[in-house]
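Observations on the model geometry
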Amino acid sequence: MSEKRMFIVDAELVKRIDDNRGDMSRSELINFLIESQLKEESKKHNGVTREEFHQFQEGTKELLRSFLEFFISYGLELGKQPEDKEFEQLTQRLQALGSSHKGKNS
């Protein structure tokens, strides 16, 4: 048999417990509520929401687009002419990132 302790609470709280416990004892209801709360808290910290992941994904695309813009403009300012294929690939990537970013926000 488990050890028992006295738990002193307001009379209003005891009334709320009694009104909502159904066939459970007071101890069973309190234990159930504590366990439910702990399970809910553990679920919240195990991952990210779709919205958080989407924001991260869009932020990463924006960062990549900024890097590409920087490297293209930096190369052009130095007067270095990139190979046609390389420059074309970078330009296409930049345009793809820009259009996918703008298309989702519109």
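Structure: see above.
Residues numbered from 1 in each chain as written. Predicted model: local features only at pLDDT ≥ 70, side-chain atom pairs only at ≥ 80, totals over all residues. Heavy atoms only, no water.

**Side note on the overall build of the protein chain**
Scanning the protein chain from terminus to terminus reveals 4 helices and 0 strands. Listing every helix and strand of the protein chain by position from the N terminus yields α-α-α-α. Here the protein chain has roughly 9,800 Å² of accessible surface; of this, 55% comes from carbon and sulfur atoms. (Helix = DSSP H or I, 4+ residues; strand = E, 2+ residues; numbered from the N terminus. Areas by Shrake-Rupley, 256 points an atom, 1.4 Å probe, with all protein chains shown as cover.)

**A word on the environment of isoleucine 17**
Tracing the chain through its elements places isoleucine 17 in helix α1 (residues 11-20). Separated by 10 residues in the primary sequence, isoleucine 17 and serine 27 have C-alpha atoms spaced 9.8 Å apart. When sequence neighbours within four positions are dropped, the list of residues in contact with isoleucine 17 reads Arg26, Leu29 and Ile30. (Contact = heavy atoms within 4.5 Å.)

**Structural notes on the pattern of salt bridges**
Scanning the entire structure with this criterion turns up 6 salt bridges. The salt bridge involving aspartate 19 is made with lysine 15; its shortest N-O contact spans 3.0 Å. Separated by 4 residues within a single helix, aspartate 19 and lysine 15 lie in helix α1, roughly one turn from each other. Like aspartate 19, the residue lysine 15 is exposed in the burial classification. Each of Asp18, Arg21 and Arg26 takes part in a single network of salt bridges with overlapping partners. (Salt bridge = Lys/Arg side-chain N within 4 Å of Asp/Glu carboxyl O. Buried < 20%, exposed > 50% of the residue type's maximum accessible area, 1.4 Å probe, protein only.)

**Section: a nonpolar patch on the surface**
Together, Leu63, Phe67, Phe70, Phe71 and Tyr74 give the surface a local cluster of nonpolar side chains, amounting to about 550 Å² of exposed area. Note that tyrosine 74 resides in helix α3 (residues 50-77). On the basis of relative accessible area, tyrosine 74 is assigned to the partly exposed category, the value being 45%. (Patch = residues over 30% accessible without salt bridge, like charges linked within 9 Å, V, L, I, M, F, W, Y side chains within 5 Å.)

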